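Close look at the chain arrangement
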Amino acid sequence: MADSEVLLRRVPSRSSWQRARKARSHLLLSRRGRRRFGVLTRGELRRLRRRLLRAQALGGDWKLGVTAGTHVAEKCKVRSRSGSTPGTGSTPSNLPSPRSQPTPRRQPTPRRQPTPRPQSTPRPQSTPRPQRAHNFPPLPTNVTQAVRDLGSGRVLLVLPAEEDFIFSGICRVTCIYGQLQVFGHIIKQGQPAQDVFSAYTHSFLSIRAMLYPEPEKSEKEVRKEIRALLKPHMKLDDRHWVIHYFCPLASVVLLEQLKSPAVDFMSSYKCASYVFRQEHYPVRVNAEFITLKTIGLRRQRKRAGIFLSDSAHCALEELVSVSCVDGCPVILLCGACDAGKSTFCRILINQLLNSLPGVDYLECDPGQTEFTPPGCIALLNITEPLLGPPYTHPRKPQRMVYYGKMTCQNDYENYIEIVKYVFRDYKRESPLIINTMGWVKDDGLLLLVDLIRLLSPNYVIQLYSPRGPTMPSLTSEYVELTDGLYTKSKIRKRRGFEIEEFGDSLDFTEEEKDSGPVPVFPGHKLMLVYTEFPCSKNEKNRAKYNKIFRDLAVLGYLSQLMPPVPGQLSPLHSLTPYQVPFNAVAVRITHADVAPAHILYAINASWVGLCRILEDMKGYTRGPILLAQTPICDCLGFGICRGIDMEQRMYHIITPLPPEELKAVNCLLIGSISIPHCIIKNQPGLEGTIPYTTTAYNFKLPGASEKIGEREFEHASEGYRFYRRKK
């Protein structure tokens, strides 16, 4: 009865801190909790010992340099369950005593002076994980990483080894000390700063502190080196803060606010203002959020970042190893829509650039291009890392053809001809990465078989995700035994393949057989890669998202019209256009059948490809000159036809292409790629009616829709000349 009364009196006084102790992790014990361990029952003591022994077996210890069991045995006092008279002491035992024989309380011994204790032997691990230094102070409860505002749009970040900083926004990243990895690209200390774009349209990027060889220096020498590296960037107080929070093998990162004409130009339009700017505040605003907000960043959760599966890691390691050792493999990526082909491509290119000076890239997906405006098939040589979505890194291609449509349906022959024309320029001096369309059903799968036979890749990376449709494994045996759209199974030539329906149009000449890059199809190695990148697209909103991405790609290309020095933006309608005479260029509408009388209406206020054909236009005195067939020719760039002067017979074109390259342009191709509506609707400074915008649009006009057809003209209208390509 006495014992029951004692227990009833003890429970209310101990319930609050018991609940708090149970809510904490079993591997972490605060100072307040350790002070309350001065009085414990035998059952509580056994449970505490089991927890500490389990923590020690897992490689952790709640007090550095002190064995858990010894510390408990010396610091804890066992309280008896009976009301015995104090003064009769007994040694606590690991075995529980019967309730009928209460153990007398032990007299408290005087506190001894602390003596140095032997260090516990660490548990051997396969991968050594660094531990924080003894003087590393704990971070506040509402802060994840140590961040500090340096002023002037700069923030300092201290990242422990193998930790990630996942964020949204854009910034310029400089590694002051240590080694970082961003999107597969490694940034070491002393290297130039990199512009990183973690936009809201794609998965958020992360800055990861990499493990680097531990310097053979003392702790004092390491701190002295860090102070010397930090001195050009910050004040004395900020350097003391870094030393205070620095732990072994950590990395010190400088994040700067990124301002560029391209970002300011894209952000000035309402349709793209949300891409780089943070518009919504979180539910809980802490000191870390306020510090990062000064440079336009916001830390995100881990599940919002990019994580690779084990199969993706294995494929990347093998491809990088083969490219660095065996030479220049041809790598073809395929998979359904939104399977992660573009993301995997960027990571692969960044990892290859860590060891190689350049990587070749063949774009075969005209709907979602990586480096050019949409509607193009291009070959590029990439020498700089890709640290953002496609619209943040436009590149000048080595060879490009303007296809003019987002898909190749009902136009397979022209598509394969263009791929072959572009592929001829590949010199096999660097690894080649080929990106294909996400159309893998029905005719799309057969067309993919044709591409594999045409391009003869060494590796086929087939990506699949739970969201996409299932497709057969494209092994070498499957490709050999399956008929494509234009190729037959097991029909090869010495240096190419045979397409019976094409006749000799796709056959290689003798010079191409001797010097061309197309080898005999020897088979390939198939790698199945499982991906599950975060994606907000589905069957219902895919068309909407793809339209937004195409508009952003066009805006990214037009941002090259802005001066390289940040300053006041100039609206597009205020820029001085180039004047192109009618008789200097030939014109062709690639995606639709347009009557000659309506050709100029189709060209005005349109996105035009500035191309170069082999024929000379000097023999024509009047114009416009119309092409009867769509030529396969080099595209040098793009522009906007902002007006047509009928009196002087001139096209007015705005383009970022330099004048020395414009001299070679003698053909204008107009496809189904349209100018983003925000460019036309949001024109600052205009009063009254906005040009080129109307609600009374007649879709019944020839060429108003995307219907493709053929038209034969017996008599050309007055003032027009037709030009047919020579065979």
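Residues numbered from 1 in each chain as written. Predicted model: local features only at pLDDT ≥ 70, side-chain atom pairs only at ≥ 80, totals over all residues. Heavy atoms only, no water.

Within an unreviewed UniProt entry, the label attached to the protein reads Polynucleotide 5'-hydroxyl-kinase NOL9, and the organism entered is Microtus ochrogaster. Taken verbatim from the UniProt record of the protein, the Subcellular location (unreviewed entry) comment is "Nucleus, Nucleolus". Taken verbatim from the UniProt record of the protein, the Sequence similarities (unreviewed entry) comment is "Belongs to the Clp1 family. NOL9/GRC3 subfamily." (UniProt positions renumbered as here; feature names shortened; annotations may be inferred.)

Looking at the sheet that holds strand β17 (residues 459–464)
Strand order in the open sheet made by the seven strands is β15-β14-β13-β16-β12-β17-β18, with mixed pairing throughout. The open sheet has two edge strands, β15 (399–402) and β18 (525–530), and neither has a second partner. Taken pair by pair, the neighbouring strands of this sheet meet at an average axis angle of 20 degrees, ignoring direction. Of the strands in this sheet, β13 (359–363), β14 (376–382), β15 and β16 (432–435) are in contact with helix α11 (residues 412–423), which crosses β14 at around 20 degrees. Along the sheet, helix α12 (residues 443–455) contacts β12 (330–335), β13, β16 and β17; its crossing angle with β12, the most-contacted strand, is approximately 175 degrees. (Pairing = 2+ DSSP bridges. Helix = DSSP H or I, 4+ residues; strand = E, 2+ residues; numbered from the N terminus. Axes fitted to C-alpha atoms, helices over the stretch in contact; angles between N-to-C directions. Contact = heavy atoms within 4.5 Å.)

Focus: the pairing of strand β24 (residues 650–654)
By the criterion of burial, β24 is predominantly enclosed, with five of the five residues buried. Residues Met650, His652 and Ile654 point to one face of β24 and Tyr651 and Ile653 to the other, with burial holding for every one of them. Across four bridges, strand β19 (residues 578–581) lies against β24 in antiparallel orientation. The residue bridging Pro581 from the neighbouring strand is Met650, located in β24. (Buried < 20%, exposed > 50% of the residue type's maximum accessible area, 1.4 Å probe, protein only.)

Description of the nonpolar core
If you look at the biggest cluster of nonpolar residues, it comprises 96 residues, and the most contacted ones within it are Leu255, Phe344, Ile461 and Trp607. Beyond its immediate stretch of four places on either side in the chain, Ile461 contacts Leu319, Ile331, Leu332, Leu333, Cys334, Phe344, Met527 and Val529. Counting 37 residues, the second largest nonpolar core, distinct from the first, contains Ala336, Leu432, Leu448 and Ile452. (Core = buried A, V, L, I, M, F, W, Y, C linked by side-chain atoms within 4.5 Å.)

Points about the packing of aromatic side chains
This model, assessed by the stated rule, comprises 19 aromatic pairs. Judged by centre distance (5.3 Å) and plane angle (75 degrees), the ring pair of Phe265 and Tyr269 falls under edge-to-face. Here the two residues Phe265 and Tyr269 agree in accessibility, since each one is buried. An aromatic cluster of three or more residues is present, and its members are Tyr402, Tyr557, Trp607 and Phe638. A cation sits over an aromatic face here: Arg399 above Tyr421, 4.8 Å from the ring centre. (Phe/Tyr/Trp six-rings, centres within 6.5 Å; stacked < 30°, edge-to-face > 60°. Lys NZ or Arg CZ within 6 Å of the ring centre and 35° of its normal.)

Topic: unusual backbone geometry
Even without glycine at this site, Leu249 takes up a positive phi of about 65 degrees. When you line up the elements, Leu249 lands in the loop between α6 (236–245) and β10 (251–257). The exposure class assigned to Leu249 is buried, which follows from its relative accessible area of 15%. The backbone of Arg428 sits at a positive phi, close to 55 degrees, despite the residue not being glycine. Here Arg428 shows up in the loop between α11 and β16. Residue classification places Arg428 among the partly exposed positions, given a relative accessible area of 30%.

Some details on the pattern of salt bridges
Across all of its chains, the model carries 15 salt bridges by this definition. Between Arg542 and Asp338 there is a salt bridge, with the nearest N and O atoms lying 2.9 Å from each other. Note that Arg542 is positioned in helix α15 (residues 542–558) and Asp338 in the loop between β12 and α10 (341–353), a separation of 204 residues in sequence. Residue classification places Arg542 among the buried positions, given a relative accessible area of 17%. By relative accessible area, Asp338 is classed as buried at 17%. Within this structure, Arg399, Arg612 and Asp634 form a network of salt bridges that share partners. (Salt bridge = Lys/Arg side-chain N within 4 Å of Asp/Glu carboxyl O.)

Overview of the pairing of strand β9 (residues 206–209)
When strand β5 (residues 164–177) meets β9, the two strands line up antiparallel, connected through three bridges. Bridging from a neighbouring strand, Asp164 pairs with Arg208 of β9. Relative to β9, strand β6 (residues 179–182) runs antiparallel, the two sharing three bridges. Within β9, the residue paired with Gln181 across the bridge is Arg208.

A short note on the environment of Gly358
Mapped onto the secondary structure, Gly358 falls in the loop between α10 and β13. For Gly358, a relative accessible area of 6% corresponds to the buried category. Residues Gly358 and Pro385, spaced 27 residues apart in sequence, show a C-alpha to C-alpha distance of 9.8 Å. Apart from the residues lying within four places of it in its own chain, the contact partners of Gly358 are Leu353, Asn381, Ile382, Thr383, Ser430 and Pro431.

Comments concerning the side chain of Thr590
Tracing the backbone shows Thr590 in the loop between β20 (586–589) and α16 (599–603). Other than its neighbours up to four places away in sequence, Thr590 contacts Tyr403, Gly404, Thr630, Leu669, Ile670 and Gly671.

Focus: the side chain of Glu363
Considering the arrangement of structural elements, one finds Glu363 in strand β13. For the buried Glu363, no salt bridge is present, and the opposite-charge side chain at shortest range is Arg346, 8.8 Å distant. In terms of polar contacts, Glu363 uses its side chain to reach the side chain of Asn435, at 3.2 Å. With residues near it in sequence (within four places) discarded, Glu363 still touches Gln368, Thr369, Glu370, Cys376, Ile377, Ala378 and Asn435. (Lys, Arg positive; Asp, Glu negative; His and termini not counted. Polar contact = N/O pair within 3.5 Å; in protein donor to acceptor, adjacent residues only side chain to side chain.)

Topic: the packing of helix α5 (residues 219–230) against α6
α6 packs onto α5 with a crossing angle of 145 degrees between their chain directions and a minimal axis gap of 10 Å. Between α5 and α6 the crossing geometry is right-handed. Packed against α5, whose contacting residues are Arg223, Ile226, Arg227 and Leu230, the element α6 presents Arg239, Val242 and Ile243 at the interface. In the contact of α5 with α6, the residues fall into four nonpolar, no polar and three charged. (Left-handed = near helix turned anticlockwise from the far one by under 90°. Nonpolar A, V, L, I, M, F, W, Y, C, P; charged D, E, K, R; others polar.)

Some details on the packing of helix α9 (residues 310–325) against α10
The contact between α9 and α10 brings their axes to 10 Å, and the two run at 40 degrees. Considering their axes alone, α9 and α10 lie oblique with respect to each other. As for the relative orientation of α9 and α10, their crossing is right-handed in sense. Contact residues: α9 offers Ala312, Ala315, Leu316, Leu319, Val320 and Ser323, while α10 offers Phe344, Ile347, Leu348, Gln351 and Leu352. (Parallel < 35°, antiparallel > 145°, perpendicular 65-115°, else oblique.)

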